[in-house]
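So you can see what is in the structure, the chains are spelled out below.
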Amino acid sequence: MILKNLSNAIGLSGEEDEVRHLLIKAVRSHADDLLVDALGNLIVFQRGTSHPACTVMVAAHMDEVGLMVTAVDNNGLLQFTNVGGIDARILPGLRVKVGADRKNGVVLWKPIHMGRDMKTVEMDSLRIDVGATDSNAAGLGERIAFDAEFKKLSETVVRGKALDDRVGCSLLVDILAGGPYPVTVAAAFTAQEEIGLRGATVAARRINPDAAVVLEGTPAFDVPDPTREAAAGDLPGNPATRMGAGVVLTLADASMVSDPRVIRFLQETADAQTIPYQMKTVGGGGTDGGAIHTAQTGVPTMTLSVPCRYIHSPSALLDLNDYDSALRLSQAVLRRIDSATFQRG
C-alpha cells in the first residue's frame, strides 16, 4: 500500500505531475503497456489471461482540491480562489504550501474580536500570509495545497489530506499488483476530476471499455447531527455511509444513476466472498463514473468507494478495514466479470 506517499504528495487539478510520477514507479512492473496522454491521465494496460478481448476500465483520480493564487496585494498577502469544492469555513488559520517551491503560508482572516459582525466566511475576504512584504510574494496561477501529513491514529484509522481520491489510486496500484486477471484491465489514473470529470472523459474515449469500475473516497456521514433526533442507541440522523462498515456501493449521485444489474452483480459478488458493504443513498456529489458511463455507446459502470470523514479537508479519516473491503471486492469483480455479464437479452 502506497497510500501514505500518495496522500503526502501534492497534485491539484491540472498539475498532477508529482502524483503521476509516484504511480508510474509503482505500477511499471505490472504493466503490459503504459501511456500518459495529453491531458495528463496515466493509463496502464494489464492483459487478461482468459478473456483478453474483454476490457474493464478501472479508474481513480489523481487530483486533489486546493487553492490558486489570483492576485498579490502590495503588502505581500495572497488573494486566491478554490480549485475544486472547498468550504471556505475550514480555511481560516490553516497552514498551506504555495507554488512549486512549497512556500509555507497561513490563511488569515480578520481576528474575531475585530469583526464580530462577520458571521460567514467568504473566500474573497481571506488572504494567505507567506511572510512576504511586497507583490513579488507569488506568481499568478500558482497552486496552493493543504500543509498536512499522513498519520496513523489507531490500528485501523488513518488521517491525511487528499484521501479523495488517493485512496482510489492506492487501491488501483494494489489491484494491478494482484493481477493479472481473466479480463484485460485498463487502469486509468485520471486528471482533473475535481473540476469536471475531464480526465475520465478523455480516457474512456481512448479505452472504449466493455465495463468500468470507479474507485473513490466518499463522505462518511456517521457524525452527530444536532438538528435531528436519534433513534435509541444510534447516532443522530440517518447516515448514508459509516466509517468501518465496509465498501460503499453507490445507488445514485449527481453524475450517475447506477444500473440495477450492476448493483445486483456487486451485491452477489460481495455476498459470495463475505465482503462487508453498505449502500450510498445520498444523491449529491459525483465521480468519474459520470463521464465514463456515457462514453461511446455506453459503459456499465460500478462505483466502489471507501467512506472518509471530513473529506475535502486537510484532515480526512478512513478505516483500513474499509480499504481492505474495497480491494477484495474490486479483485473479485475482475475475476468474475466477462463480456456477457451485462449484455441485454
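We now turn to the structure provided with this report. Note that the coordinates shown come from a computational prediction; the quantities given were computed from them, not determined experimentally.

Reading guide: rules and limits
Residues numbered from 1 in each chain as written. Predicted model: local features only at pLDDT ≥ 70, side-chain atom pairs only at ≥ 80, totals over all residues. Heavy atoms only, no water. Pairing = 2+ DSSP bridges. Helix = DSSP H or I, 4+ residues; strand = E, 2+ residues; numbered from the N terminus. Core = buried A, V, L, I, M, F, W, Y, C linked by side-chain atoms within 4.5 Å. Buried < 20%, exposed > 50% of the residue type's maximum accessible area, 1.4 Å probe, protein only. Contact = heavy atoms within 4.5 Å. Salt bridge = Lys/Arg side-chain N within 4 Å of Asp/Glu carboxyl O. Expected span 1.5 Å × (residues − 1). Polar contact = N/O pair within 3.5 Å; in protein donor to acceptor, adjacent residues only side chain to side chain.

## Some words on the pairing of strand S9 (residues 143-146)
No. 1: Pairing between strand S4 (residues 66-72) and S9: 2 bridges, direction antiparallel. Residue pairing in the sheet places Met68 in a bridge with Arg143 of S9.
No. 2: By the bridge criterion, 3 bridges tie strand S6 (residues 95-98) to S9 in an arrangement that is antiparallel. Paired with Lys97 across the two strands is Ala145, which belongs to S9.

## Description of the nonpolar core
No. 1: Leu23, Val58, Phe189, Leu215, Met302 and Leu318 are the most contacted members of the largest nonpolar core, which totals 55 residues.
No. 2: In contact with Leu23, other than residues within four places in its own chain, are Ile2, Leu6, Leu42, Met62, Cys169, Val173 and Phe189.
No. 3: Of all hydrophobic cores here, the second largest spans 22 residues; its members include Val69, Val107, Val121 and Val130.

## Quick notes on the pairing of strand S13 (residues 211-219)
No. 1: Counted residue by residue, S13 has 8 buried out of 9 residues, so it is predominantly covered.
No. 2: The pairing of strand S3 (residues 51-61) with S13 spans 4 bridges and is classified as parallel. Among the inter-strand pairings, Val58 is bridged to a residue of S13, identified as Val213.
No. 3: Of the strand pairs in this sheet, S13 and strand S16 (residues 301-309) are connected by 8 bridges, and their pairing is parallel. Bridge pairing in S16 links Ala212 to Thr301.

## Some details on the pattern of salt bridges
Side chains that differ in charge, positive against negative, can pair when their charged atoms come close.
No. 1: Considering all chains together, one arrives at 12 salt bridges under this definition.
No. 2: Its salt-bridge partner being Lys161, residue Glu64 comes within 3.0 Å of it at the nearest N-O pair. Of the two residues, Glu64 sits in the loop between S3 and S4 while Lys161 sits in the loop between strand S11 (157-160) and helix H3 (163-177), which places them 97 residues apart along the sequence. Across the pair, Lys161 and Glu64 agree in class, each one buried.
No. 3: The residue Arg309 makes a salt bridge to Asp222 at a minimum N-O spacing of 3.1 Å. A residue pair is termed long-range when its members are at least 10 positions apart, and Arg309 in strand S16 and Asp222 in the loop between S13 and strand S14 (247-250) qualify at 87 residues.

## Looking at helix H7 (residues 320-336)
No. 1: Taking 1.5 Å as the rise per residue, H7 with 17 residues should run 24 Å; its terminal C-alpha atoms sit 24 Å apart, in good agreement.
No. 2: Of all 17 residues making up H7, 12 are buried, and the element is well covered by its neighbours.
No. 3: Considered for burial, the residues of H7 that qualify are Leu320, Asp322, Tyr323, Ser325, Ala326, Leu327, Leu329, Ser330, Gln331, Ala332, Val333 and Leu334.
No. 4: The N-terminus of H7 is capped by Asp319, whose side-chain oxygen sits 2.8 Å from the backbone nitrogen of Asn321.

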